[in-house]
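# Chains, contacts and geometry: an overview
Take a look at the letters that make up each chain.
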Amino acid sequence: ERKLKMIESFNNKIEIANSRVNLGNAYMAMQDFDTALKHYQAGLKLAEELNNPRINGFCLNAMGMINKHKKEYKIAIKYLNDALVEAEIAKDVSLIGYIKNNLSLLYLTEKEYEKSKALNDEVLSIAKKTKNKKLESEGHQYKAAIYSEKDDYKKALQSYIDHKKISDSLAGDEKNKQIAK
């Protein structure tokens with residue numbers, strides 16, 4: 001928060017908005033959702049003033065996930081749909097993928113399996129096109145849960161195996177990087 005005060009003294013609104021997002025992320029990781037929400041709201045306000053759809057998308061996505069943690073699923077879905085519009089305006093394919101992944105999870109939670117699966121298919125397509133292995137791994141993990149809920153255990157198992165292969169590969173890549181240091 002000291003860095004935020006220093007950045008605010010330069011009056012660079014885009015840096016202030018990014019700092020608010022980063023602080024929101026830190027507080028969200030600590031599960032201090034109320035403080036995180038305050039930072040995301042402040043970042044969103046600045047992003048709207050700057051007409052910056054990418055930062056809007058990040059803030060709205062995060063605010064949606066806070067509402068997911070609070071089990072306010074309908075509100076979370078609204079925030080995520082708003083975030084998706086902003087990410088599409090910004091043409092940020094990676095952000096679009098993560099937002100759709102979050103929406104897929106929320107629709108799964110709400111037992112709207114067809115919506116969840118349709119979004120999940122889009123997520124996996126985006127992940128493969130962008131070579132985003134983390135997103136692809138999460139996509140397969142959620143697909144396994146969708147199939148499990150629909151009692152299609154063969155497909156659920158295959159999706160889980162796909163998730164584990166990618167997840168283990170990512171963990172191995174990270175371990176190799178650490179060894180190389």
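The structure reproduced in this document is the subject of the present report. What you see is a predicted model; the values in this text were computed from it and never measured.

### Digging into the overall build of the protein chain
For the protein chain, the helix and strand inventory stands at 9 helices and 0 strands. In sequence order, the protein chain lays out its α and β elements as α-α-α-α-α-α-α-α-α. Across the protein chain, contacts joining residues at least 24 apart in sequence account for 49% of those joining residues at least 6 apart.

### Quick look at helix H5 (residues 73–90)
Between its first and last C-alpha atoms H5 spans 25 Å; for 18 residues at 1.5 Å apiece the expected length is 26 Å, and the two agree. Within H5, burial applies to Tyr73, Ala76, Ile77, Leu80, Ala83, Leu84, Glu86 and Ala87. Just past H5, the residue Lys91 takes up positive phi, approximately 60°.

### Brief notes about unusual backbone geometry
We note that Asn51 has phi near 55°; this positive angle belongs to a residue other than glycine. On the accessibility criterion, Asn51 (64% relative accessible area) is exposed.

### Brief notes about the side chain of Asn120
With respect to the helices and strands, the residue Asn120 is situated in helix H7 (residues 113–130). In this structure Asn120 comes out as buried when scored by relative accessible area, which is 0%.

### Considerations on the nonpolar core
In this structure, Met28, Tyr40, Ile66, Ile99 and Leu103 are the most contacted members of the largest nonpolar core, which totals 38 residues. Every element with two or more residues in this core is listed here: helix H2 (13–29), helix H3 (33–50), helix H4 (53–69), H5, helix H6 (93–109) and H7. Not counting the four nearest positions on each side in its chain, Ile99 is found in contact with Gly57, Asn61, Leu80, Ala83, Leu84 and Ala87.

### Considering the environment of Asn67
Positionally, Asn67 belongs in helix H4. Linking Asn67 and Lys78, residues 11 residues apart in sequence, is a C-alpha distance of 10.0 Å. With near-sequence residues (within four places) excluded, Asn67 lies in contact with Glu72, Tyr73, Ile75, Ala76 and Tyr79.

### Structural notes on the pattern of salt bridges
One side chain can pair with another of opposite charge once the charged atoms of both are near each other. Scanning the entire structure with this criterion turns up 14 salt bridges. Between Asp121 and Lys143 there is a salt bridge; the shortest N-O distance is 2.9 Å. Of the two residues, Asp121 sits in helix H7 while Lys143 sits in helix H8 (residues 133–149), which places them 22 residues apart along the sequence. With a relative accessible area of 34%, Asp121 lands in the partly exposed category. Under the relative-accessibility criterion, Lys143 is labelled buried at 13%. A salt bridge links Asp152 to Lys155, with the nearest nitrogen and oxygen atoms 3.9 Å apart. Each of the salt bridges in this network shares a partner with another, and the network as a whole consists of Lys117, Asp121 and Lys143.

Calculation rules
Throughout, a residue's number is its position along its own chain's written sequence, starting from 1. Per-residue local features of the predicted model are confined to residues with pLDDT of at least 70, and side-chain atom pairs are confined, for both listing and counting, to 80 or more; whole-chain, interface and lining totals are unaffected and use all residues. Where side-chain values are given, they derive from all heavy atoms of the structure, hydrogens and water being excluded. The helix and strand labels rest on DSSP assignments: H or I over at least four residues marks a helix, E over at least two residues marks a strand, and numbering proceeds from the N terminus. Contact between two residues is taken to exist if any of their heavy atoms lie within 4.5 Å; hydrogens are not considered. Every helix has an expected span of 1.5 Å times one less than the residues it contains. Only protein chains enter the area calculation, which uses a 1.4 Å probe; residues under 20% of their type maximum are buried, those over 50% are exposed, and those in between are partly exposed. Buried Ala, Val, Leu, Ile, Met, Phe, Trp, Tyr and Cys residues form a nonpolar core when they are joined through side-chain atoms within 4.5 Å. Salt bridge, as used here, is a side-chain nitrogen of Lys or Arg placed within 4 Å of a carboxyl oxygen of Asp or Glu.

Geometry only, nothing functional implied.
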